[in-house]
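Listed here are the chains, written in short residue letters.
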Amino acid sequence: MRLIAFLSVSLLVGACASQTPQLPEGDVPEQWTSVNSPSVEQWPSMTWWEDFQQPELTRYLTQVREQNLSLGMAQRNLRIAQINLRDAGFDLAPTPGITVNVSKTATDTLDDGVKRAVADQATATATLGYSDILKMPGQFQLARATFAAVQAQQASIALDIYNTAAQSYFQLLFIREQLAVAQQNLDSAESLLNIIQSKVDNGTTQPLDALQQRIAVQQQRNALASLQQNEFSVLSTLALLVAKPVADVHFNGDTLADIVLPEIQPGLPAALLERRPDIIQAEANLQIASANQLLARLAFLPNISLTAQAGAVSDSLAELIKSPTVVLSAAASVVETLLDNGARARNNTKARLRLENSVASYRQTALAAFNEVNVLLQNARLAKQLSDVAQADVLRAEEANRIAQIRYQQGAEPYQTLLTTQNAMFAIRVQGQQTKLDRINTLLALYQALGGGWQKNTATEQLF
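Treat the numbers as computed from the prediction; the structure is a model and nothing was measured.

Moving on, we get to the overall build of the chain. When helices and strands are tallied, the chain shows nine helices and four strands. In sequence order, the secondary structure elements of the chain are arranged as α-α-α-β-β-α-α-α-β-α-β-α-α. Among the 464 residues that make up the chain, the fraction classed as buried is 40%. Intrachain contacts of the chain at a sequence separation of at least 6 include 83% that bridge at least 24 residues. Only carbon and sulfur atoms are counted for the fraction: they give 54% of the accessible area of the chain, which is about 24900 Å².

With that settled, consider the pattern of salt bridges. What the rule picks out here adds up to 12 salt bridges. Between Arg352 and Glu356 there is a salt bridge, with its nearest N and O atoms 3.2 Å apart. Taken together, the residues Arg352 and Glu356, both in helix H8 (residues 343-409) and four residues apart, mark about one turn of the helix. Given a relative accessible area of 35%, Arg352 falls into the partly exposed group. Via salt bridges that share partners, Arg276, Asp278 and Glu372 belong to a single interconnected network.

The next thing to look at is the nonpolar core. Membership of the largest hydrophobic core comes to 80 residues, with the highest contact counts inside it found for Phe52, Tyr60, Val64, Tyr162, Phe170 and Leu272. Looking at this core, the elements that each hand over two or more residues are helix H2 (55-67), helix H3 (69-91), helix H4 (136-201), helix H5 (207-241), helix H6 (277-298), H8 and helix H9 (415-449). It is H4 that provides the largest number of residues to this core, a total of 22 residues. Among residues more than four places away in sequence, those in contact with Phe170 are Phe52, Leu57, Leu256, Ile259, Leu437, Ile440 and Leu444. Grouped together as the second largest cluster of nonpolar side chains are 10 residues, Leu192, Val200, Tyr408 and Leu418 included.

It is worth spelling out unusual backbone geometry at this point. The residue Gln53 is not glycine, and still its phi comes out positive at about 55°. Positionally, Gln53 belongs in the loop between helix H1 (2-10) and H2. Here the phi dihedral of Ala243 falls at roughly 55°; this positive angle occurs in a residue that is not glycine. Within the secondary structure layout, Ala243 lies in the loop between H5 and H6.

It is worth spelling out the packing of H5 against H9 at this point. Axis separation between H5 and H9 bottoms out at 11 Å; the angle between their running directions is 10°. Here H5 is positioned roughly parallel relative to H9, judged by the angle of their axes. Counted together, Asp209, Gln212, Gln213, Ala216 and Gln220 of H5 and Tyr415, Gln416, Leu419, Gln422 and Phe426 of H9 form the full contact between these two elements. Tallied by class, residues from the contact of H5 with H9 come to four nonpolar, five polar and one charged.

A word on H5. Since the α-helix turns once every 3.6 residues, residues separated by three or four places project in the same direction. For H5, spanning 35 residues, the distance from its first C-alpha to its last is 52 Å, which sits close to the expected 51 Å at 1.5 Å a residue. Of the residues flanking the end of H5, it is Ala243, one or two places downstream, whose phi is positive at about 55°.

Moving on, we come to the packing of H4 against H5. Their axes nearest at 8 Å, the elements H4 and H5 cross at an angle of 165°. Taken together, the axes of H4 and H5 lie roughly antiparallel to each other. Regarding H4 and H5, the two cross each other, and that crossing is left-handed. Classifying every residue of the contact of H4 with H5 gives 22 nonpolar, 12 polar and six charged.

One pass over the structure, following the stated rule, counts 10 aromatic pairs. Ring centres of Trp32 and Phe370 lie 6.3 Å apart, and the angle between their planes is 55°; on these two criteria the pair is classed as tilted. One end of the pair, Trp32, is in the loop between H1 and H2; the other, Phe370, is in helix H8, with 338 residues separating them in the sequence. The same class applies to Trp32 as to Phe370, namely buried. Among the aromatic residues, those joined into a cluster by ring pairs are Trp48, Trp49, Phe52, Tyr60, Tyr162, Tyr169, Phe170, Phe251 and Tyr447. The ring of Tyr408 carries Lys199 above its face, with NZ or CZ at 5.2 Å from the centroid.

Below, the discussion takes up the environment of Ile161. Mapped onto the secondary structure, Ile161 falls in helix H4. Placed 80 residues apart in sequence, Ile161 and Leu241 show a C-alpha to C-alpha distance of 8.0 Å. Discounting chain neighbours no more than four positions away, the residues touching Ile161 are Val64, Asn68, Ser70, Leu71 and Leu241.

Our focus in this paragraph is a nonpolar patch on the surface. Together, Leu208, Leu211 and Ile215 make up a nonpolar patch on the protein surface, roughly 280 Å² of accessible area in all. Residue position: Leu208 is located in helix H5. Owing to a relative accessible area of 45%, Leu208 belongs among the partly exposed residues under this scheme.

This part takes up the confidence of the model for the chain. Detailed reading of the predicted coordinates is not advisable wherever pLDDT is low. Model confidence for the chain is summarised by a mean pLDDT of 82, while 78% of its residues fall at 70 or above. The weakest mean pLDDT in the chain belongs to H1 at 40; the strongest belongs to H2 at 95. Throughout residues 1-17 the model reports pLDDT below 50, and contacts reaching past four residues in sequence, or to other chains, amount to 28 contacts.

So, about the environment of Asn68. As for its placement among the helices and strands, Asn68 is situated in the loop between H2 and H3. Among the residues examined, Asn68 registers a relative accessible area of 7% and is labelled buried. Residues Asn68 and Tyr162, spaced 94 residues apart in sequence, show a C-alpha to C-alpha distance of 9.9 Å. When residues no more than four places from it in sequence are discounted, the contact partners of Asn68 are Gln63, Ile161 and Leu241. A distance of 3.0 Å separates a polar side-chain atom of Asn68 from the backbone nitrogen of Ser70.

What counts and what doesn't
Residues numbered from 1 in each chain as written. Predicted model: local features only at pLDDT ≥ 70, side-chain atom pairs only at ≥ 80, totals over all residues. Heavy atoms only, no water. Helix = DSSP H or I, 4+ residues; strand = E, 2+ residues; numbered from the N terminus. Buried < 20%, exposed > 50% of the residue type's maximum accessible area, 1.4 Å probe, protein only. Contact = heavy atoms within 4.5 Å. Areas by Shrake-Rupley, 256 points an atom, 1.4 Å probe, with all protein chains shown as cover. Salt bridge = Lys/Arg side-chain N within 4 Å of Asp/Glu carboxyl O. Core = buried A, V, L, I, M, F, W, Y, C linked by side-chain atoms within 4.5 Å. Axes fitted to C-alpha atoms, helices over the stretch in contact; angles between N-to-C directions. Parallel < 35°, antiparallel > 145°, perpendicular 65-115°, else oblique. Nonpolar A, V, L, I, M, F, W, Y, C, P; charged D, E, K, R; others polar. Expected span 1.5 Å × (residues − 1). Left-handed = near helix turned anticlockwise from the far one by under 90°. Phe/Tyr/Trp six-rings, centres within 6.5 Å; stacked < 30°, edge-to-face > 60°. Lys NZ or Arg CZ within 6 Å of the ring centre and 35° of its normal. Patch = residues over 30% accessible without salt bridge, like charges linked within 9 Å, V, L, I, M, F, W, Y side chains within 5 Å. pLDDT = per-residue confidence, 0-100. Polar contact = N/O pair within 3.5 Å; in protein donor to acceptor, adjacent residues only side chain to side chain.

Here it is, written out as structure tokens:
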């Protein structure tokens, strides 16, 4: 019954296309499962990347907005949609037309056989036609809903590009931080190799220890080379986003440590219905389906057209302009299809089924959006906890490795204990960086899930 009630409301979308369809009771949560501090500003702004207080990131996103090729295409697609909507608005008005004709007539006189020019004749006709009157409002409703769908689609493309750009930038900082840690790990491994080699030379340990440590050193060198290749790949992605060769992009940032992680207040769940481009697009598709069903129902009615005509005739073009004789006429026509083998009924049934599908799609999109935000809010809270634990673990691992190295030098611990402690420190350092990046990426996903600062009544051009 709730679905039937929702469908009934949806059928009224054509009468009020700007009104958000009402979801059944219970679909919209009263509040989010987890919320952040209520003291911060609600929702991300359209320049949400500034919240990270990273000037280099802000400069780069500005370049993306100005130079990204996909954003340029999205902007042009939006302008095409605007022109199409304007054309649909003109179609609501009668279609004017005017023709001017000048002709010379001649006749043959039978008695003397001489061909004589009788007269010049000039005519002017102006017409005003208005065809298929009953369908005009429905066709304009369809055009307006189609524009809304394109607008939301282009907004979604823009938000994806900005999110990708920010993710790639933070990934670059993460890799560079990993490079620093990898170099630190390599230095530690080489320093330990020197200590072990000295013990081998003095005969106080087995050559096998030095061999195993050389393997550990080579592993760190391989990891360093792999990270350098990853850095180049990310730079290539960042360069493409601003339409430049990779050799022409340069970034000074090299650590995530200076990144300020902002808090975000998601606001009320109901507001998400007007802030997520995918929900707005699903709503526009619902309006398109509603308009199509309206047109299918109107097909059962006669096709009504009106035509008005004004004409003037004179012996010459000059006389036509100087003193025209004007004749006015108007006509109306009504055409109705009586037999169509049930085609109109089948079309109406198909339109109704598509409308029901659009209703289900809209509900599904909205429910998925609510669930996504709830999950991301929980993920953000968990990511913060894991990040704090990871930083403490790094300090503990470094202290454990320091103690194990001292005890090994004193002969109190075997090499295998030191090797295990060293490898654990290497892994924990990398994990500590990964948890910081995971937390940033969770925030970026949350920004996008909340609509990225865009909303239904905001001009999409502001994204470009």
